[in-house]
Amino acid sequence: MALFGALILALLAGAHAELPGCKIRITSKALELVKQEGLRFLEQELETVTIPDLRGSEGHFFYNISEVKVTELQLTFSELHFQPDQELVLQINNASWGLRFRRQLLYWFLKVYEFLSTFITSGMRFLLNQQICPVLYHAGTVLLNSLLDTVPVRSAVDELVGIDYSLLKDPVASTSNLDMEFRGAFYPLTEANWSLSNRAVEPQLQEEERMVYVAFSEFFFDSAMESYFRAGALKLSLVGDKVPHDLDMVLRASYFGSIVLMSPAVIDSPLKLELRVMEPPRCTIKPSGTTVSVTASVTIALVPPNQPEVQLSSMIMDARLSAKMALRGKALRTQLDLRRFRIYSNQSALESLALIPLQTPLKTLLQIAVMPMLNERTWRGVQIPLPEGIDFVREVVTNHAGFLTIGADLHFAKGLREVIEKNRPADTRDPRTSSAPPPSTAAV
């Protein structure tokens, strides 16, 4: 009975677990690039270390070691790898430093070179332990964390919607990759607490050939379109000169029988064409491609000055758009293309037949006026959760049933030092002021 209850609780927990809209996998192929840039940053940090003077006496031996400078740093034997339960491990072995310093020694005995060598070496090790280990700790926990702070978690995409990249659970590391699951949900900026229920297929990541893989489910794109719908962005109104001249003529000719019966003040008034999406568009991802289905109302009216508009016709438009995804820099961009289009009346089949002559001119209007406006917005893209200064290159898009994956390599568009200096907290310029552990702990 207890086992049955535990099973029910497990099923309920699974039923309420939030599915990710976006997944990212970082493979071991990316670690060599990250290691090279990270070690370069550590070398630059250590070369700026200020080491205090060492003065004192030991019996009849007096010493003064000053103006210590790091002249050379080599971190030749190092390894960066994934490790289960620890995510990421950096190992540095047999690092070497070149030092330049001024020494003043006074001693009363001859033949003490071995003692002096041992003493100076021990002193230098003590100074390095006191200064360099806290710098390493500071660089790893404070400065590199300031780089991670540049990863967008919940931010505005534009003036209408935002994106939520909250981690749904801790990253999972294996010996060959690191997997992360993000909410990947858009929301209207005026309804920050609104969220769309995720009932889409969970995206899967199997590949390991490229440095990084990103997977997006249909939910990711559906939440974007519903957010724009709720924000009131999916509508278009053309009045007067905004209506293409050829389309204006076709529409007036099509409704000539209705227009000619109106008063002279209305007959010559400007024409209005309004398109309004009736429900949130939906995205469908298949191995053959990605499509977006849209249903909108089309209203044609005359707008006489200082008078109520006079409606000529109202119809329904169904459109299917193809969508091609691409990663540029660190932005996911979308190119839309009109594939299918039809208009019909929701009043009668006879009226639908009368709308057939408008099919071609309205489709042309969509292609030359509406699609460029849509693509101008979708091609701006939305940022993928990567730190500042790191971009995607050489991407490959693969469609699956219900989700798509993009494999790419990484490129440091900016050096770590440039990004960290830009985002460095004001109170962390001096590593000795940070909450570093005692030097002995850092050394361990």
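Residues numbered from 1 in each chain as written. Predicted model: local features only at pLDDT ≥ 70, side-chain atom pairs only at ≥ 80, totals over all residues. Heavy atoms only, no water.

Things to note about the overall build of the chain
The condition is simple: Each helix is a run of DSSP H or I of at least 4 residues and each strand a run of E of at least 2, with the numbering of both proceeding from the N terminus. Relative accessibility decides the category of a residue: with a 1.4 Å probe and only protein chains considered, values under 20% of the type maximum give buried, values over 50% give exposed, and everything between is partly exposed. Residue contacts are defined here by distance: any two heavy atoms, one from each residue, within 4.5 Å place the two residues in contact. Here the open area of atoms and residues is found with the Shrake-Rupley method and a 1.4 Å probe, where only the protein chains shown may cover a residue.
Summing up its helical and strand segments, the chain has eleven helices and 21 strands in all. Burial analysis of the chain (444 residues in total) assigns 43% to the buried set. By sequence separation, contacts in the chain at least 24 residues apart represent 70% of the contacts at least 6 residues apart. As displayed, the chain has an accessible area near 24300 Å², and 55% of this comes from carbon and sulfur atoms.

Description of the pattern of salt bridges
Operational definition: One side-chain nitrogen of Lys or Arg within 4 Å of one carboxyl oxygen of Asp or Glu is enough to make a salt bridge.
Under the defined criterion, the tally for this structure stands at 22 salt bridges. A salt bridge links glutamate 202 to lysine 23, with the shortest nitrogen-to-oxygen separation between them at 3.0 Å. Placement of glutamate 202 in the loop between β11 (185–188) and β12 (212–217) and of lysine 23 in strand β1 (residues 22–27) is noted, with a sequence separation of 179 residues between them. A residue is classified by how much of its surface remains accessible, and lysine 23, at 10% relative accessible area, is buried. With its nearest N and O atoms 3.1 Å apart, the salt bridge here joins arginine 377 to aspartate 158. Here the residue arginine 377 occupies a position in helix α9 (residues 359–378), and aspartate 158 occupies one in the loop between β7 (154–156) and β8 (161–164), the gap between them amounting to 219 residues. Given the relative accessible area of 27%, arginine 377 is considered partly exposed. Judged by relative accessible area, which is 14%, aspartate 158 ranks as buried. Within this structure, Glu18, Arg154, Asp164 and Arg183 form a network of salt bridges that share partners.

Structural notes on helix α5 (residues 245–254)
Here is the rule we go by: Taken from the helix axis, the directions to the C-beta atoms give the arc we talk about.
Among the residues of α5, Leu247, Asp248 and Leu251 are the ones counted as buried. Buried residues of α5, seen end-on, are gathered within an arc of 105 degrees and therefore sit on one face of the element. In this structure, α5 carries His245, Asp246 and Ala253 as exposed residues pointing more than 90 degrees from its buried face. On the buried face of α5, the contacting elements are β14 (271–277), β16 (289–302) and α9.

Section: the side chain of threonine 334
Here threonine 334 shows up in strand β18 (residues 331–344). A residue is classified by how much of its surface remains accessible, and threonine 334, at 13% relative accessible area, is buried. When near neighbours in sequence (up to four residues on either side) are disregarded, threonine 334 contacts Ala323, Lys324, Met325, Asn375, Thr378 and Trp379.

Considerations on the confidence of the model for the chain
The following threshold applies: Values of pLDDT, which run from 0 to 100, indicate the predictor's confidence residue by residue.
Here the chain averages 78 in pLDDT, while 75% of its residues score no lower than 70. The model gives residues 431–444 a pLDDT under 50, and that stretch makes 21 contacts with residues more than four places away or in other chains.

Points about empty space enclosed by the protein
In plain terms, the rule: Cavities and pockets were defined on a 1 Å grid built from protein atoms only: a cavity is a group of points that admits a 1.4 Å probe but offers it no way out, a pocket is an open group of points flanked by protein on both sides within 12 Å along at least five of seven lines, and a lining residue is one with an atom within 4 Å of any such point. Grid points are joined across faces, edges and corners, and a volume is the space filled by probe spheres set on the points. Gly is put with the polar residues, along with every residue not named as nonpolar or charged; the nonpolar set is Ala, Val, Leu, Ile, Met, Phe, Trp, Tyr, Cys and Pro, and the charged set is Asp, Glu, Lys and Arg.
Under the defined criterion, the tally for this structure stands at one cavity of 30 Å³ or more. Volume-wise, the largest cavity comes out at about 40 Å³. Around the largest cavity, the lining residues are Leu275, Val298, Met317, Phe341, Ile343, Leu362, Leu365 and Leu366. Of all the elements in the fold, those that place two or more residues in the lining of the largest cavity are β18 and α9. Split by residue class, the lining of the largest cavity holds eight nonpolar, no polar and no charged.

Some details on the environment of glutamine 204
Examined against the element boundaries, glutamine 204 turns out to sit in the loop between β11 and β12. Note on glutamine 204: relative accessible area 35%, which makes it partly exposed. With eleven residues separating them in the primary sequence, glutamine 204 and alanine 215 have C-alpha atoms 7.0 Å apart.

A look at the nonpolar core
Nonpolar side chains in soluble globular proteins tend to end up buried together. Just so we agree on the cut-off: The set of buried Ala, Val, Leu, Ile, Met, Phe, Trp, Tyr and Cys residues whose side-chain atoms join them within 4.5 Å is what this entry labels a nonpolar core. All domain edges in this entry derive from an automatic or database-based domain assignment.
In this structure, Phe216 and Leu332 are the most contacted members of the largest nonpolar core, which totals 74 residues. Residues lining this core come from more than one domain, with at least three contributed by each of domain 1 (24–149) and domain 2 (158–409). Setting aside residues no more than four positions away along its own chain, leucine 332 makes contact with Phe216, Phe220, Phe221, Met325, Ala326, Leu327, Gly381, Val382, Ile384 and Ile406. Counting residues in each nonpolar core, the second largest holds seven residues, with Val49, Leu54, Val68 and Val70 among its members.

Regarding unusual backbone geometry
Leave glycine aside and you will find that most residues have negative phi; peptide bonds, for their part, are mostly trans. Not every positive phi belongs to a glycine, and asparagine 306 is a case in point at roughly 60 degrees. Residue position: asparagine 306 is located in the loop between β16 and β17 (310–328). With a phi close to 55 degrees, arginine 394 is a non-glycine residue in the positive phi region. Relative to the helices and strands, arginine 394 is located in strand β20 (residues 390–399).

Re the packing of aromatic side chains
In plain terms, the rule: Note on aromatic contacts: the rings of Phe and Tyr and the six-membered ring of Trp form a pair at centre separations within 6.5 Å, being stacked when their planes are under 30 degrees apart, edge-to-face when over 60 apart, and tilted otherwise. Counted as over-ring charges are cases with an Arg CZ or a Lys NZ within 6 Å of the ring centre that also lie within 35 degrees of the ring normal.
Evaluation of the coordinates by the stated rule reveals five aromatic pairs. An aromatic cluster of at least three residues, connected via ring pairs, comprises Phe186, Phe216, Phe220 and Phe221. A cation over an aromatic ring shows up here: arginine 154 above the ring of tyrosine 187, its NZ or CZ 4.0 Å from the ring centre.

Considerations on the layout of surface pockets
Looking at the second largest pocket, its volume works out to about 1000 Å³. As for the second largest pocket, its lining consists of 40 residues, and the residues nearest its centre are Leu234, Leu336, Leu374, Arg377 and Thr378. Listing elements by their share of the lining of the second largest pocket, those giving two or more residues are α4 (218–230), β13 (235–239), β14, β16, β17, β18 and α9. Tallying contributions element by element places α9 first for the lining of the second largest pocket, with eight residues. Looking at the lining of the second largest pocket residue by residue, the classes come out as 31 nonpolar, three polar and six charged.

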